[in-house]
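Coordinate analysis (summary)
Read off the chains here:
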Amino acid sequence: MRSPSALLPLAALIALAPLARHARSAEPDYQWNLPKGFPVPYVPPDNPMTAAKVELGRYLFYDARMSVNGKASCAACHKQELAFTDGRATGLGASGESHTRGAMSLVNIAYSGSLTWVDQRLSRLEDQALVPMFGDRPIELGLPQGAPAFIGTIRADTKYRSLFAAAFPQDADPFTIPNVTRAIASFERSIISARSTYDRYHYGGDDSAVSESAKQGEKLFFNQHLHCFRCHGGFNFSDATVSEQNADRRIAFHNTAVNLAPNDTAQFKTPTLRNIAITAPYMHDGSIATLDAVIDHYAVGGRQHSNLNKDPLIGGFEISAEERKNLIAFLETLTDRELLRDPRFANPWPGAGKIDGN
Ligand code: HEC
Ligand code: HEC
């Protein structure tokens, strides 16, 4: 099945998404090199991973020509050095319009059973990419329907001519929006974060990788008193995690009393906590500035208003100064410093840093 064309209305595209999630991926020419504890990610059968698509996707991800005014690329809001977040409370689009929510980390996104903070039906990265490209509420990249100028650009660019030919060798005319989103999705799936000090300690058996304080903090995180793990569990610290084995798992969404409006009952995906020490400010609205303040938030049981939809697990708890320090030390072990400067995920364009509009 071919991906839907970008000429369809966005809502129709997204409605198609869950249909395409089933079968297993076909013979991928791609080495995941996954560490212990990491299952093979689910990959949609109509877009098997290949090294050529991943590489093309990287060029597209960093190309500011893919925006209404040449001012922003995906990387404008998803910066490698910030684990693919942007350091802002809410995203800022190419034309200066603010998003209502904060940019999310893209690490281990291949394992996410749903995409964005709130959308319970959006699960394919190929479909999600159309939202920043073509969406106008708010404008992110602000491309016009069909993106004729951008298609002209990729058709004429000598670098893209060879990248598209290598990525889509069967296509007589590979310069299409569905192929653009296939390549971007493949690049995103390749961004695996698994080399934190926690991974060295927990999966690699290096007992000296983390401090005694972090080990105490890990115990707190996983105990029944704080029960952070009830939502942030598993190798990716999120209960929205799927893999090739369980791609159709139902994902839980939660209201953790972050919402400022008392009657806002919206529920959110549990984000991964990998690299959390460097992705402030926190929560869907960027309303919590530090990890210390996040712990305050959970300790008092969330924002104190008559929230009718608050998850029963957000009940509050007592925590001593020592325990708080340990919990933060544990969260800090989840940073994967190698990922932040791994050349495979960096801006491939000459004069790197210029073309992403920043
Ligand atoms: C203007 C800033 C901005 C730009 C540009 C942008 N994003 Fe995002 N991204 C966001 C925000 C904000 C969210 C959260 C959206 C929401 O919850 O509605 C997000 C969410 C995502 C998610 C979901 C992550 C998750 O954990 O569920 C993916 C995937 C993603 N973006 C990929 C991309 C790609 C690919 C591009 C380029 C085609 C892109 N983004 C361009 C700001 C941006
Ligand atoms: C009931 C499920 C649940 C429990 C229990 C829970 N969380 Fe969360 N966590 C979430 C959800 C959902 C969000 C996103 C909420 C939002 O943005 O409105 C979140 C967000 C976060 C964030 C911010 C992530 C980001 O990218 O901005 C941190 C940090 C965090 N949680 C840490 C913890 C810690 C530490 C504990 C234990 C004290 C904990 N959580 C307990 C579900 C949970």
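It should be emphasised that the depicted structure is a prediction, and the values quoted were computed from it without experimental measurement.

Definitions and cut-offs
- Residues numbered from 1 in each chain as written.
- Chains lettered and ligands numbered in written order.
- Predicted model: local features only at pLDDT ≥ 70, side-chain atom pairs only at ≥ 80, totals over all residues.
- Heavy atoms only, no water.
- Helix = DSSP H or I, 4+ residues; strand = E, 2+ residues; numbered from the N terminus.
- Rg over C-alpha atoms; globule rule 2.2 N^0.38 Å.
- Buried < 20%, exposed > 50% of the residue type's maximum accessible area, 1.4 Å probe, protein only.
- Near = heavy atom within 4 Å.
- Polar contact = N/O pair within 3.5 Å; in protein donor to acceptor, adjacent residues only side chain to side chain.
- Donors = N, O, S within 2.8 Å, 3.2 Å for Na, K, Ca; no water.
- Tetrahedral: all angles 85-135°; square planar, octahedral: opposite > 155°, others 65-115°.
- Nonpolar A, V, L, I, M, F, W, Y, C, P; charged D, E, K, R; others polar.
- Salt bridge = Lys/Arg side-chain N within 4 Å of Asp/Glu carboxyl O.
- Axes fitted to C-alpha atoms, helices over the stretch in contact; angles between N-to-C directions.
- Parallel < 35°, antiparallel > 145°, perpendicular 65-115°, else oblique.
- Contact = heavy atoms within 4.5 Å.
- pLDDT = per-residue confidence, 0-100.
- Lys, Arg positive; Asp, Glu negative; His and termini not counted.
- Arc of directions from axis to C-beta.

1. Some remarks on the overall build of the protein chain
Helix and strand counts for the protein chain come out as 13 helices and 0 strands. Reading the protein chain from its N terminus to its C terminus gives the helix and strand order α-α-α-α-α-α-α-α-α-α-α-α-α. Relative to a compact globule of 358 residues, whose C-alpha radius of gyration would be 21 Å, the protein chain shows 20 Å and is just as compact. Principal-axis analysis of the C-alpha atoms places the extent of the protein chain at approximately 65 × 45 × 40 Å. For the protein chain, the residues scored as buried account for 55% of the 358 residues in total.

2. Describing the site of ligand 1
In the vicinity of ligand 1 there are 28 residues, among which C74, C77, H78, T116 and K269 approach most closely. H78 places a polar side-chain atom, nitrogen or oxygen, 2.9 Å from a nitrogen atom of ligand 1. Among the elements of the structure, α3 (74–77), α4 (125–128), α5 (130–134) and α8 (177–189) are those that each provide at least two residues to the shell around ligand 1.

3. Observations concerning the coordination of the iron atom of ligand 2
Only H232 (NE2) and Y298 (OH) from the protein reach the iron atom of ligand 2 as donors, at distances of 1.9 to 2.0 Å. Because the angles between the 6 donor atoms bound to the iron atom of ligand 2 fall within 86 to 179°, the donor set is best described as octahedral. Of this pair, H232 sits in the loop between α10 (212–221) and α11 (291–299) while Y298 sits in helix α11, placing them 66 residues apart in sequence.

4. Let's talk about helix α2 (residues 51–61)
α2 sits mainly inside the fold: 8 of its 11 residues count as buried. Considered for burial, the residues of α2 that qualify are K53, V54, L56, G57, R58, Y59, L60 and F61.

5. So, the site of ligand 2
Around ligand 2, the surrounding shell holds 25 residues, and the nearest of these are C228, C231, H232, H284 and Y298. Residue Y298 places a side-chain N or O atom 2.6 Å away from a nitrogen atom belonging to ligand 2. For the shell around ligand 2, the class distribution of residues is 17 nonpolar, 6 polar and 2 charged.

6. Regarding the pattern of salt bridges
A side chain with one charge can pair with a side chain of the opposite charge if their charged atoms come near. Following the criterion strictly, the structure yields 17 salt bridges and no others. Here R324 makes a salt bridge to D292, at a shortest N to O gap of 3.1 Å. With R324 in helix α12 (residues 321–332) and D292 in helix α11, this residue pair connects regions lying 32 residues apart in the sequence.

7. Remarks on the packing of α10 against α12
Direction vectors running N to C along α10 and α12 enclose 95°, while the axes themselves pass 7 Å from each other. By the criterion of interaxial angle, the relationship of α10 to α12 is roughly perpendicular. Along its contact with α10, which presents S213, A214, Q216, G217, E218, L220 and F221, the element α12 presents E323, K325, N326, L327, A329, F330 and L331. Residues of the contact of α10 with α12, tallied by class, amount to 7 nonpolar, 4 polar and 3 charged.

8. Thoughts on the environment of A156
Looking at the secondary structure, you find A156 in helix α6 (residues 148–156). Owing to a relative accessible area of 58%, A156 belongs among the exposed residues under this scheme. Residues A156 and L260, 104 residues apart in the sequence, show an inter-C-alpha distance of 48 Å.

9. A few points about the confidence of the model for the protein chain
Interpretation of this model should avoid reading the predicted coordinates in detail wherever pLDDT is low. Averaged over every residue, the pLDDT of the protein chain is 91; the share at 70 or more is 90%. Every residue in residues 1–8 scores below 50 in pLDDT, and together they form 21 contacts with partners more than four places removed in sequence or on other chains. Overall, residues 11–27 carries pLDDT values under 50, and its contacts beyond four positions in sequence, including any with other chains, amount to 36 contacts.

10. Things to note about the side chain of E218
Within the element layout of this structure, E218 appears in helix α10. Although E218 is buried, it makes no salt bridge; K219 carries the closest opposite charge, 7.6 Å away. Separated by 3.0 Å, the side chains of E218 and Y198 make a polar contact. If we skip the residues at most four places from it in the chain, E218 touches Y198, Y201, H202 and F330.

11. Some thoughts on the side chain of R324
You can call R324 buried: its relative accessible area is 18%. Of the polar contacts made by the side chain of R324, one reaches the side chain of D292; its length is 3.1 Å. The residues contacting R324, other than those within four sequence positions of it, are D292, I295, D296 and I319.

12. Observations concerning unusual backbone geometry
Omega for the peptide link from R137 to P138 comes to 0°, which places this bond in the cis form. Checked against the element boundaries, P138 lands in the loop between α5 and α6. Geometrically, the link from A280 to P281 is a cis peptide bond, its omega value of -10° lying close to zero. Following the sequence through the fold, P281 ends up in the loop between α10 and α11. Positioned with a positive phi, H227 is a non-glycine residue whose angle comes to about 35°.

13. Observations concerning α6
Residues F150, I151 and I154 constitute the buried set of α6. Seen end-on, α6 carries its buried residues on one side only, within an arc spanning 100°. Exposed residues pointing more than 90 degrees away from the buried face of α6 are listed as P148, A149 and A156.

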